[in-house]
Amino acid sequence: MPNNKTLAFYAGSGCGGCSQSLMLSPSLATMLDGADIAFWATRSGDLTEDEISQVDDKGIDVLMFAGPVDGEASVATAKLLRRKAKRVVAYGACAHLGGLCGLTNVIPGAKLRELAEKNGGFIRPLSAVIDVDYVLPGCPPPQGMVERMLKELFLSDDVPDVGTVFASSKGVCGECDRKHLNSPLEEIRRFHAAPPDPDICLLDQGYICLGPVTRGGCGAVCPEANRPCTGCAGPVAGVLDQGGAILQSLASLVPLSGDVSGEKEHRVLDSIQDIVGTAYKYSAASSLLKRRVNDGE
Amino acid sequence: MSDNKSFEPKIIAFLCKWTTYAAADLCGVSRMPYPSNISIIKVNCTGEVTADMILTAFEKGADGILIGGCRPGHCRYEGGNLKGANRVYLLKRALKEFGVNPERIREVGIAGAQGLIFQRAAEKFTADIRALGPSPVMSNA
Amino acid sequence: MSRIGVFVCRCGTNIADTVDTGFVAKTLRGYPGVVHAEDYDYMCSEIGQQKIRDAIKEHNLDGVVVASCTPSMHQETFRNAAEEAGLNRYRLEVANIREQVSWVHDDREVATEKAIRIARAAVEKVRGDDDLEPIAVDHESTCLVVGGGITGIQAAIDVANSGHKVILVEKDPSIGGHMAQLSVTFPTLDCAQCILTPRMVEASRHPNIELLTYSEVVKVAGYTGNYEVTIRKNPTYVDADKCNLCDKCTEVCPVSVKEEFNEGLSERKAIYLPFEQAIPSSYVLDEDACLGVKPIRCGLCEEVCDVGAIDYDMAPEVITKKVGTIIIATGYDLYDPSHLTEYGGGKYPDVVTSLQFERMVHPSGPMKGQLRRPSDGRPVKSVAFVHCAGSRDPGRHNPYCSRICCTYTAKQALLFKKGVPDGVANVFYIDIRTDGKGYEEFAQGIISSRRIRYIRGKVAKVVDEGDHLTVWGADTLSGKRMEIDVDLVVLAMAMVPSEGTAELAKTFHINVDENGFLKEAHPKLRPVETTTAGVFIAGTAQGPKDIPDSVAQGSAAASKAIAILAAEQLSHSPEVATVNEELCSGCGICTSACPYDAIKVERSGVAVVNEILCSGCGICAAACPAGAIEVKNERHEQVEDMIAAALGSAK
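### Observations concerning the overall build of chain C
Within chain C, the regular secondary structure consists of 17 helices and 34 strands. Here chain C has a C-alpha radius of gyration of 32 Å; the compact-globule value for 651 residues is 26 Å, and the former is much larger. For chain C, the spread of C-alpha atoms along the principal axes amounts to about 95 × 65 × 45 Å. The contacts in chain C between residues at least 6 apart in sequence include a share of 69% that link residues at least 24 apart.

As structure tokens, this is what we get:
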């Protein structure tokens, strides 16, 4: 059925993957049929503040916002866009969580951070600056999830409840076919060193897979491709801090050696390289800590 | 380092009800004072403390977090305290990357009869946190 | 919207001296969700409890906070009061403002402010509490006892006398255990069989005890009150009801092997009577020693049996039994003497273990009580007893003390002197640990008699010179090295958990300690319980100890078991873990975190908690990567709100 809504797409900064994911959607043509498009900006430079201001307040039924909020300018734009839209979708990991860009919040080295802060500040998820009605997670959102969003938002008479996340509330494990052995974590393996067995749970084999802490809905596409999940869809519904959640679970899997000094366990835990890059790859900006602080350095 | 003379640290203590919580009670029974900066939350086991709880405490303004459980090897739940310790170990690594001084979390193993040891641990930790200054996390909005 | 009542106790002056309880109540009254707040002198008094009951009814409260002493004092009192007024007892929380506020802080302003925050945190907890009901569990009324030594026998008799049925499983062909091998017991020098066999008979004849000897438990499933145990009965090839102990079979049996009962000092046939007072009182065919029953290779014993008791067609029988509780009393073995190479243990025939010595000195033993050297049969005129053989040696052997050796070595030295009045007895010791009732008096009597030489010093080496042994030791009190020639060396071997204990522990889902002994739930206060509810341990399986302590533990375990068996229904705390099926993806990380095996991923793909096995420890909740597991009434959100309230951060 034709879409009779007014919609808009805005991608501030970012890699452009989210725009592409939307463009590649087979339902796009149907969605656009009959729709009124207020604007379709794939770069912040595509649209000026004036042009946005000309749109009526609440004139846009659904605004899809992709890319991170990365400075005072984008905060202002986000707030302006919020006024113009009835419903706002945080589209993709950067808008949802801050995404990979969020890692710049944590980079060490005072000089680099100074540079970042001079250029407008730090990365924030969209929900930190405006009310967000819906979330389409993923980096980029996988096709299945994009389709679901399009159908529910544009091709149906019912309006989804505010707060809907177009993904599963459960972890990726629910969609992954690999066999569980419930093995203890005795050695961390990295997939570039040796390819995993495609039939057995990656965690069982010692590869750090964020499947258990990450929202499913993607069909476990990365484990299917014999790669561990890196957590792009953000934390499952029961968890506030995605990085903390995977760290607590990994630690729980290390078997107790019986030696109370913990030396054996620490050796395994220390072998996790790049702890923030692994645990908080997409969610650093939306973790409970949000960004690197200056604690008596 | 900031001027810490007027700074009163806020400390959340997750204490296992079988051991350190009982030691804190014993301090009370014995009228052994310790700093009021410490607010105690009773848990069944330090292995029950989640990353969310620790990070929430920092987010809501805790300057220090004390985790008190059984001494290693004595957990009535077969090493729940050690599992908890492994989790804190990893979390401290992450906190360090976020610039938070991992010394703001301290783990102690105190038996229920060791009131004096709890008093000393409470005094020392409060003094140490006072010296570290306020946690920069909460103002990190 | 919550309707919470807050009651602040003054506790006479205990709280009120330091905390302005009126101000706390007033401030709490303004807190979101609090509709009633008051302070009073003694909340635990009848008047105080009535205030709670009245307020619940008057203000239609759906939650109560009592800010008072530590919860272990009066939480149950207050919860009873709330329940009487119609409020679910799990919707009442205690804020600890006495032991953890008024009694440890001096400044009134600071203490009052802290009391407010602590009370608010309790309000946050109550706000999230759900109605909970204790879980009622039906249960079996039979007890399984594993191990038919003196401890298991005691436990079985005690449970049977309480009116409950017992299944007593013993892996050897007879009950009795090691005590049946002893000559006399310290400190009274009672004949061991004389005090043991009446108990053995009682156990075998008791109408409530089903005896399964030559049997082993192979599998255990289920939970407290409802265990399903699989037992394999090994074939004895002899019908115990028919066997009349005529002994004709042993005369014709062509196979001889070392006799276990005599610790290898004698031989027996493949078909044999375990010992004179064996129960069941029957011969047994040792399949491994026999030339063969399937097919029959010899058949001589069956031929000569007048009563047709021998049946080569017997086969292992696997049975399942449902039981409510389990008591494990599987006893000890002696540390293998061949570990003590410097003493020639297991190598020199005249270096024997303490149990071997018991058999040697026993009037019905392999030497009929005449002490002779196992190597050449010459009479023993001199002996060296060595304490702590394999004990108290963290570097090379067992770190612990085996507790009974000092006393039994004194006894053995005494028995030696009785049997060989002109013989020379040397005892090499490090300490004298004789702590049981009457043991000190008993041992000191022997030590101070001067008839036995007590030398303080470890033995470095024993050398077999052919017609005698030379013991190299030291006397630390005089500082002299010693070399003593003796006919016999007796090693007081360490006690170790009986063979198969580690596998047994796995089968029963219980733990062993760092020395392999079965692990108690708490070393001081719960010595016969394990972390698995309904499974108890007793006797030397739990650690080295003497017979009175073993018997005491057997009775203790029985009393624990009876408490469960006698209950109409079992009541289990409802504060257990629960899985939110909307969030659980079946990753299974929780399953290894649980100390009780209480959580499993079902075929449905989500984890399910066995509420009866669950103790509510919450370790699974912190292992869960998805926040899908929470302990009821201790949910993540409740704790996070408590943290915020305790820190004084605005909600």
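### Some remarks on the overall build of chain A
What chain A contains, in helices and strands, is eleven helices and five strands. A globule of 297 residues ought to have a C-alpha radius of gyration of about 19 Å, and chain A, at 21 Å, matches this closely. Counting only C-alpha atoms, chain A reaches 70 × 50 × 30 Å along its principal axes. Evaluated residue by residue, chain A yields a buried proportion of 52% over its 297 residues. In chain A, the share of contacts with a sequence separation of at least 24, taken over all contacts with a separation of at least 6, comes to 74%.

### Concerning the sheet that holds strand 3 (residues 64–69) of chain B
Residue and element names in this part refer to chain B. Taking strand neighbours across the sheet as the criterion, the four strands line up as 2-1-3-4 in an open arrangement whose pairing is parallel. Two strands in the sheet have a free side with no partner beyond their single neighbour: strand 2 (38–43) and strand 4 (105–109). Sheet twist, expressed as the average angle between the axes of neighbouring strands with direction ignored, equals 20 degrees. When strand 3 meets strand 4, the two strands line up parallel, connected through five bridges. Pairing of Gly68 across the sheet is with Val108, part of strand 4. With respect to the sheet, helix 1 (residues 20–29) is in contact with strand 1 (11–16), strand 2, strand 3 and strand 4, its orientation differing from that of strand 1 by roughly 110 degrees. Contacts from helix 3 (residues 80–97) reach strand 3 and strand 4 within the one sheet, and its direction differs from that of strand 4 by about 160 degrees.

### Thoughts on the environment of Gly99(A)
Looking at the element boundaries, Gly99(A) is found in the loop between helix 5 (92–97) and helix 6 (110–118). Leaving out residues up to four positions away in the same chain, Gly99(A) has contacts with Pro68(A), Ala93(A), Cys94(A), Cys139(A) and Tyr282(A).

### Some remarks on the domain arrangement of chain C
Looking at the assigned domains, one finds that chain C contains domain 1 (4–132), domain 2 (142–233 + 317–330 + 501–566), domain 3 (248–304), domain 4 (333–496) and domain 5 (573–632). For domain 1 of chain C and domain 4 of chain C, the distance between their C-alpha centroids amounts to 66 Å.

### Looking at the domain arrangement of chain A
All names here are of chain A. Partitioning chain A into structural domains gives domain 1 (6–154) and domain 2 (169–290). When each unit is reduced to the centre of its C-alpha atoms, the spacing between domain 1 and domain 2 is 28 Å. The interface is formed by 19 residues belonging to domain 1 together with 17 residues belonging to domain 2. Contributions of two or more residues to the side of domain 1 that touches domain 2 are made by helix 5 and helix 7 (143–154). Of all the elements, helix 5 adds the most residues to the side of domain 1 that touches domain 2, at three residues. Partitioned by chemical class, the residues of the side of domain 1 that touches domain 2 number eleven nonpolar, seven polar and one charged.

Procedures and definitions
- Residues numbered from 1 in each chain as written.
- Chains lettered and ligands numbered in written order.
- Predicted model: local features only at pLDDT ≥ 70, side-chain atom pairs only at ≥ 80, totals over all residues.
- Helix = DSSP H or I, 4+ residues; strand = E, 2+ residues; numbered from the N terminus.
- Rg over C-alpha atoms; globule rule 2.2 N^0.38 Å.
- Contact = placed C-beta atoms within 7 Å.
- Buried ≥ 20, exposed ≤ 12 C-beta atoms within 10 Å, placed from the backbone.
- Pairing = 2+ DSSP bridges.
- Axes fitted to C-alpha atoms, helices over the stretch in contact; angles between N-to-C directions.
- Domains from an automatic or database assignment.
- Nonpolar A, V, L, I, M, F, W, Y, C, P; charged D, E, K, R; others polar.

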